[in-house]
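Read off the chains here:
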Amino acid sequence: GLPAALPTLPLELTVLYNSLLSSVGATDSAIRREAEGIRMGLLRVLESCGSGGQDLSTEELWQKVLQEVTAEELRADLHRLCALQAGFPVPWDWCFLLLFSILLLFLFLSVYSQGTGRAHCSQGENKLLYLLKSWQVPPEEASLPLVQSAEDLKETLCTSAVFLQGLLELEAENFPTAFSLLKEAAGGFCSKRLLAQIYTCLGCCAQRMGKPQTALQHLKRALQVDFQCLPALSHAAAVYHELKETDAELQALALLYEALEKNPPGATSLTQTELLVCTPVLASLLRHRHPSEVKYLLAQRCLQDGRVADAVEHYLDVLTLLQEGPQQQVPLDGSSALPRIPEVFLEAASALEQAGRHQDAITVCEEVISRTTDLIPRMLLVEQELELPECPSPGAGLAGLSQKKESLRCLAWRAAGYLHQGWAWAVLGESKEAITQFRRCLGDLLRVQLCGSGVGLTENPLPEVEVLQKIRLLSLIGRGTQFLELGKHKEALLDFQHGLQISPGDPAAASYLVLALWKLDRKQEAAAHWLKISQSSPREDEQVGSSPFSFRSFPLYLVSCLQQALFPHRESLASRLQDYLG
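Residues numbered from 1 in each chain as written. Predicted model: local features only at pLDDT ≥ 70, side-chain atom pairs only at ≥ 80, totals over all residues. Heavy atoms only, no water.

A. View of the overall build of the protein. Each helix and strand in the protein was counted, giving 27 helices and two strands. With 582 residues in all, the protein has 50% of them scored as buried. Long-range contacts, defined here as pairs at least 24 residues apart, represent 69% of the contacts in the protein between residues at least 6 apart. Carbon and sulfur atoms make up 52% of the accessible area of the protein, which totals about 28300 Å². (Helix = DSSP H or I, 4+ residues; strand = E, 2+ residues; numbered from the N terminus. Buried < 20%, exposed > 50% of the residue type's maximum accessible area, 1.4 Å probe, protein only. Contact = heavy atoms within 4.5 Å. Areas by Shrake-Rupley, 256 points an atom, 1.4 Å probe, with all protein chains shown as cover.)

In structure tokens, the structure reads:
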């Protein structure tokens, strides 16, 4: 409440500077409080000169202060407040306003500073960085202690600005420029934690530039500087995956899971530089994986690499983590490595089947079936509009489209559950129970009716419909094989014929068709079909002979069913047919 007086203003502004620097924060209320504190300080400076500026914006207020206040004893204080103003963390939406404000403030400051002999910014040089680096910090009063000197604050701002510019270039996919700026930031004034983050960004940038070895070098440096920088370990695992170095990838994921289990990531206090560069692109690069995500990646990679025993162990751990409650849930914004929960269960069932634990696989699938039953409508019409990404009425139209796709996914999950159970019972020698499960699977798929011109099961289907196609084909092949086991060769023949209608030329269905014809003593027809299969090109025959479809183009949870559907009697049947033809 005291009137502003020039002799006491240096002390007043120093107290203000120290208090604001000590309470810097990233919340909206903290930002408003700090901005208001600086504004009040500037108004006190103008008041001491008999002037005012209540109605001025921040930039206008600074311009007036720097143009009207010439007291040499306030010069150092105004420099510090200006740097503090430039260093406030703000929401990313304001990022370009922030850079503009910093640029404007330092232009004012350079005008205010007298006798500096300023040089002009050379062409192509970043003007903001030039101004920050050429800022000449005035000498400070030794009798007034500071939380952070203006020189240190300048170095902090320089590092922040370079890092921020590097992140902007990284987001804009100007990778060489981003890499150069991030490299410069790594040599700046920063904490170990921030340095590790910069190295992590360098590693991500190098990976996107197609330089995985360089990426690994920087990610390793990040971990050497700060082993608690777990995102660097996560990115290193991704680089090893790209390089197909499975052992190294699994080792990195195992270390990451162990670290997350011992020290779960929590809220940490951020330094001023970290607050200033806290942007969505940085948050995305430095996002901590959830333990269940890392465990899932371990399970998935082991299953893909054929390490079935390890995959089973990891999948069971994932299922346990997912059932522990809300604290184990992961973000649903698409950034998670986890697929939808039913798919995790089905992948676990697939791993259990490959490990010979068929009863456990049946139990896991039952969980999926029971949880999705109430989510599937009695009849599902798939219309032509589902193929179109754009909808004339973005409100209800897109909502309806999303709902139908979700219903298709739920239907696929339940049908896949029955499919897995069918194959599991088949391996256990329970043909009748297997046929029951295959029949339930096919009955579920009858709920889908396609309508609209130009839409068909084999004609540009939606990804969800295409998965349903393959599930139906696998179920028909599975039921047909069990009919063969029971000696019901006519029923088996019908299933294999229906399978070929869904997927013409499918090698597994075609081979089983030949076998069914042979068992029905229709050997001439069997030989004719076999000759047609044998006339396919060697390369194509080699590809389709090892798999009924491309494993990579379908969900991982279907892999075990795809493998079980392979025709196992190719050589013996070929020998019999060649003898017959001879």
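B. Just the packing of aromatic side chains, in detail. Counting across every chain of the model gives five aromatic pairs. Between tyrosine 296 and tyrosine 315 the ring centres are 6.2 Å apart and the planes differ by 70°, which places this aromatic pair in the edge-to-face class. Pair noted here: tyrosine 296 is in helix α15 (residues 291-304) and tyrosine 315 is in helix α16 (residues 308-322), with a separation of 19 residues, a long-range link. Arranged with centres 5.2 Å apart and planes meeting at 20°, the rings of phenylalanine 496 and tyrosine 512 form a pair that is stacked. Here phenylalanine 496 is found in helix α22 (residues 489-502), whereas its partner tyrosine 512 is found in helix α23 (residues 507-519), with 16 residues between them in sequence. Note on accessibility: phenylalanine 496 and tyrosine 512 belong to one class, buried. (Phe/Tyr/Trp six-rings, centres within 6.5 Å; stacked < 30°, edge-to-face > 60°.)

C. Inspection of the environment of serine 19 at higher detail. One can find serine 19 in helix α1 (residues 9-22). By relative accessible area, serine 19 is classed as partly exposed at 38%.

D. Main features of the pattern of salt bridges. Enumeration according to the criterion identifies 21 salt bridges in this entry. Note that glutamate 12 and arginine 44 form a salt bridge whose closest N and O atoms lie 2.7 Å from each other. Here arginine 44 lies in helix α2 (residues 28-48) and glutamate 12 lies in helix α1, a separation of 32 residues in the sequence. Linking glutamate 293 and arginine 289 is a salt bridge whose minimum nitrogen-to-oxygen distance equals 3.2 Å. Several salt bridges converge on common partners, so that one network encompasses Arg340, Glu406, Arg409 and Glu464. (Salt bridge = Lys/Arg side-chain N within 4 Å of Asp/Glu carboxyl O.)

E. Local environment of a nonpolar patch on the surface. Taken together, the side chains of Leu531, Tyr580 and Leu581 define a hydrophobic patch exposed on the protein surface, amounting to about 270 Å² of accessible area. By secondary structure assignment, the location of leucine 531 is in helix α24 (residues 523-534). (Patch = residues over 30% accessible without salt bridge, like charges linked within 9 Å, V, L, I, M, F, W, Y side chains within 5 Å.)

F. Representation of unusual backbone geometry in the model. Residues other than glycine seldom take positive phi values, yet glutamate 173 does so here, at roughly 65°. Structurally, glutamate 173 can be placed in the loop between α7 (150-171) and α8 (175-186). Taking relative accessible area as the criterion, glutamate 173 reaches 58% and is therefore assigned exposed. Look at lysine 244: it is not a glycine, yet its phi comes out positive at around 60°. With respect to the helices, strands and loops of the structure, lysine 244 is situated in the loop between α11 (230-242) and α12 (246-262). Residue lysine 244 is classed as exposed on the basis of its relative accessible area of 70%.

G. Up close: helix α10 (residues 212-225). Between its first and last C-alpha atoms α10 spans 20 Å; for 14 residues at 1.5 Å apiece the expected length is 20 Å, and the two agree. Check the buried side of α10 and you find it contacts α8, α9 (192-208) and α11. (Expected span 1.5 Å × (residues − 1).)

H. Fine view of the nonpolar core. Phe163, Tyr315, Leu419, Ile471 and Leu558 are the most contacted members of the largest nonpolar core, which totals 167 residues. Broken down by element, this core gets its largest block of residues, 13 residues, from helix α19 (residues 396-427). Counting residues domain by domain, this core receives three or more from each of domain 1 (1-88) and domain 2 (150-289). When neighbours within four sequence positions are excluded, isoleucine 471 is seen to be in contact with Ala412, Ala415, Ala416, Leu419, Cys441, Leu445 and Leu558. (Core = buried A, V, L, I, M, F, W, Y, C linked by side-chain atoms within 4.5 Å. Domains from an automatic or database assignment.)

I. Fine view of α7. In a regular helix each residue adds 1.5 Å, so 22 residues correspond to 32 Å; α7 covers 31 Å between its end C-alpha atoms and thus fits that length. Among the 22 residues that make up α7, 18 are buried, leaving the element largely enclosed by the rest of the structure.

J. Expanded view of the packing of α15 against α16. Packing of α15 against α16 brings their axes to within 8 Å, and their N-to-C directions diverge by 155°. In terms of their interaxial angle, α15 and α16 are classed as roughly antiparallel. Note that α15 runs across α16; the crossing there is left-handed. The segment α15 lies against α16, with Pro291, Ser292, Lys295, Tyr296, Leu298, Ala299, Gln300, Cys302 and Leu303 engaging Asp310, Ala311, His314, Tyr315, Asp317, Val318, Leu321 and Leu322. (Axes fitted to C-alpha atoms, helices over the stretch in contact; angles between N-to-C directions. Parallel < 35°, antiparallel > 145°, perpendicular 65-115°, else oblique. Left-handed = near helix turned anticlockwise from the far one by under 90°.)

K. Examining the side chain of lysine 295 more closely. The topology assignment puts lysine 295 in helix α15. When its relative accessible area of 7% is taken as the criterion, lysine 295 is described as buried. Excluding residues that lie within four positions of it along the chain, lysine 295 makes contacts with Tyr257, His314, Asp317, Val318 and Leu321.

L. Structural detail: the state of the cysteines. Evaluated as defined, the whole model comprises zero disulfides. Between cysteine 201, a cysteine without a disulfide, and cysteine 204, which holds the nearest cysteine sulfur, the sulfur-to-sulfur distance is 6.3 Å. Overall, cysteine 201 belongs to the buried group, its relative accessible area being 0%. (Disulfide = S-S within 2.5 Å.)

M. Spotlight on the confidence of the model for the protein. The share of residues in the protein with pLDDT of 70 or more is 79%, and the mean pLDDT across the chain is 82. For the protein, helix α25 (residues 538-546) is the element with the lowest average pLDDT, namely 39, and α10 is the one with the highest, namely 96. Counted against residues more than four places away or in other chains, residues 384-398, with its pLDDT under 50, gives 17 contacts. (pLDDT = per-residue confidence, 0-100.)

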